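# Structural overview
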Amino acid sequence: MNTLSSRSCPSTILAVREEWLRGVRAALPVMAGFIPFAMVLGAQASQKGLSKFEVPLLTGLNFGGGSEFAAIALWTSPPHVLLIVAITFLVNSRHLLMGAVLAPWIQGLPRRKAWPALFFMCDESWAMGLADARQRLDAGASLSDAFSLRYYLGISFVLWLTWIAFTAIGAAVGPVMGDIETWGFHMAFPAVFLVLLRGMWKGLRAARPWLVSLVVAAVTHLLVPGAWYVATGALSGLAAAWYLAEKAP
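Note that the structure is a prediction, hence the values are computed from the model and not measured.

Within the chain, the secondary structure is distributed over 12 helices and 0 strands. Sequence-ordered secondary structure for the chain, helices as α and strands as β, is α-α-α-α-α-α-α-α-α-α-α-α. Counting over 249 residues, the chain shows a buried share of 40%. Counting contacts in the chain only where the partners sit at least 6 residues apart, residues at least 24 apart contribute 78% of the total. Carbon and sulfur atoms make up 71% of the accessible area of the chain, which amounts to about 14,400 Å² in all.

This part is about helix 7 (residues 123-138). Helix length check: helix 7, at 16 residues, gives a terminal C-alpha distance of 23 Å against a target of 22 Å (1.5 Å per residue), a fit within 8%. Taken residue by residue, helix 7 has D123, E124, S125, W126, A127, M128, G129, L130, D132 and A133 as its buried positions. Phi turns positive, to about 115°, at G140, one or two residues after helix 7.

Grouped together as the largest cluster of nonpolar side chains are 40 residues, with contacts concentrated most on L102, F147, Y152 and L159. When residues of this core are traced back to their parent elements, those giving at least two are helix 1 (2-47), helix 3 (65-73), helix 5 (94-106), helix 7 and helix 9 (149-177). Broken down by element, this core gets its largest block of residues, 11 residues, from helix 9. When neighbours within four sequence positions are excluded, L159 is seen to be in contact with A27, V30, M31, F34, F63, C122, E124 and S125.

Within the secondary structure, T59 is located in helix 2 (residues 54-62). Relative accessible area serves as the criterion here: at 0%, T59 is assigned to the buried category. If we ignore the near neighbours within four places in the chain, the residues touching T59 are L41, E68, W163, I164 and T167.

Evaluation of the coordinates by the stated rule reveals 10 aromatic pairs. Both rings, one in F120 and one in F157, keep their centres 5.8 Å apart while their planes meet at 85°; by these two values the pair is edge-to-face. Of this pair, F120 sits in the loop between helix 6 (111-119) and helix 7 while F157 sits in helix 9, and the two are 37 residues apart along the sequence. Take F157: its relative accessible area is 30%, and that puts it in the partly exposed class. One aromatic cluster is present, formed by W20, F119, F120, F157 and W160 through successive ring pairs.

Turning next to the packing of helix 5 against helix 7. It is the contact of helix 5 with helix 7, at a shortest axis distance of 11 Å, that shows an interaxial angle of 25°. The angle between the axes of helix 5 and helix 7 places the two elements in the roughly parallel class. Seen along the crossing, helix 5 lies across helix 7 with a hand that is left-handed. Contact residues: helix 5 offers R94, M98, V101, L102 and W105, while helix 7 offers D123, W126, L130, A133, R134 and L137.

Attention now moves to unusual backbone geometry. Note: most residues except glycine have negative phi, and most peptide bonds are trans. We note that F63 has phi near 50°; this positive angle belongs to a residue other than glycine. On the secondary structure map, F63 appears in the loop between helix 2 and helix 3.

For the rest of this paragraph, the subject is the environment of R150. Here R150 lies in helix 9. Among the residues examined, R150 registers a relative accessible area of 41% and is labelled partly exposed. Sequence spacing of R150 and W20 is 130 residues, and the spatial spacing of their C-alpha atoms is 5.0 Å. The contact partners of R150, leaving out residues within four places of it in the chain, are V16, E19 and W20.

Conventions and cut-offs
Residues numbered from 1 in each chain as written. Predicted model: local features only at pLDDT ≥ 70, side-chain atom pairs only at ≥ 80, totals over all residues. Heavy atoms only, no water. Helix = DSSP H or I, 4+ residues; strand = E, 2+ residues; numbered from the N terminus. Buried < 20%, exposed > 50% of the residue type's maximum accessible area, 1.4 Å probe, protein only. Contact = heavy atoms within 4.5 Å. Areas by Shrake-Rupley, 256 points an atom, 1.4 Å probe, with all protein chains shown as cover. Expected span 1.5 Å × (residues − 1). Core = buried A, V, L, I, M, F, W, Y, C linked by side-chain atoms within 4.5 Å. Phe/Tyr/Trp six-rings, centres within 6.5 Å; stacked < 30°, edge-to-face > 60°. Axes fitted to C-alpha atoms, helices over the stretch in contact; angles between N-to-C directions. Parallel < 35°, antiparallel > 145°, perpendicular 65-115°, else oblique. Left-handed = near helix turned anticlockwise from the far one by under 90°.

Put into structure tokens, the structure is as follows:
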């Protein structure tokens, strides 16, 4: 029995490493899109007075680009902490829905694995991990085996490191570069996310909750100041998905 275990161990290690590397390779195009966006955030943060140490601390502990941009936009000296915390929670509220969607795929994991999976979750790793799980499920894998945690963490971890590293670089070079938004770098993140949405496309019928969410969020953005469009878009999309599912034959 010990001999069998020793023989199977190297193959198991190779399989684990291959899944991790598969996630890293899949993340490379997204990493390229992260770089300019992260540098914009780092430059803006440094221009608001955050130090080269505080910027990677912010981006490493929060890991939510939208809420970080909102926090930096509201940053004053001294900062209005309660307002920034409230806006951060509001912008990151979409993670509640993302976590709920991810829950059936990771519910069998022990907490020591589930908590890191949720901590490193961002829009891109969430979308790519779920797309991969659905492909594996369609190929015949069971629900418990379809979600590859190692693939997902391979994506998540390198994106996290990229985000921290290049926000720090942006903070270092920001004072020299001036207003970095005039370079158009801030369009990189929406472009990457549109590509991810294309990979999750299941047809117009399945996309109806997306359309509802888009319209409600756009109207809210035009009529209501602040980041309320994030919450209204997420909740309206969820309500539309529930309503349409109830009406389905």
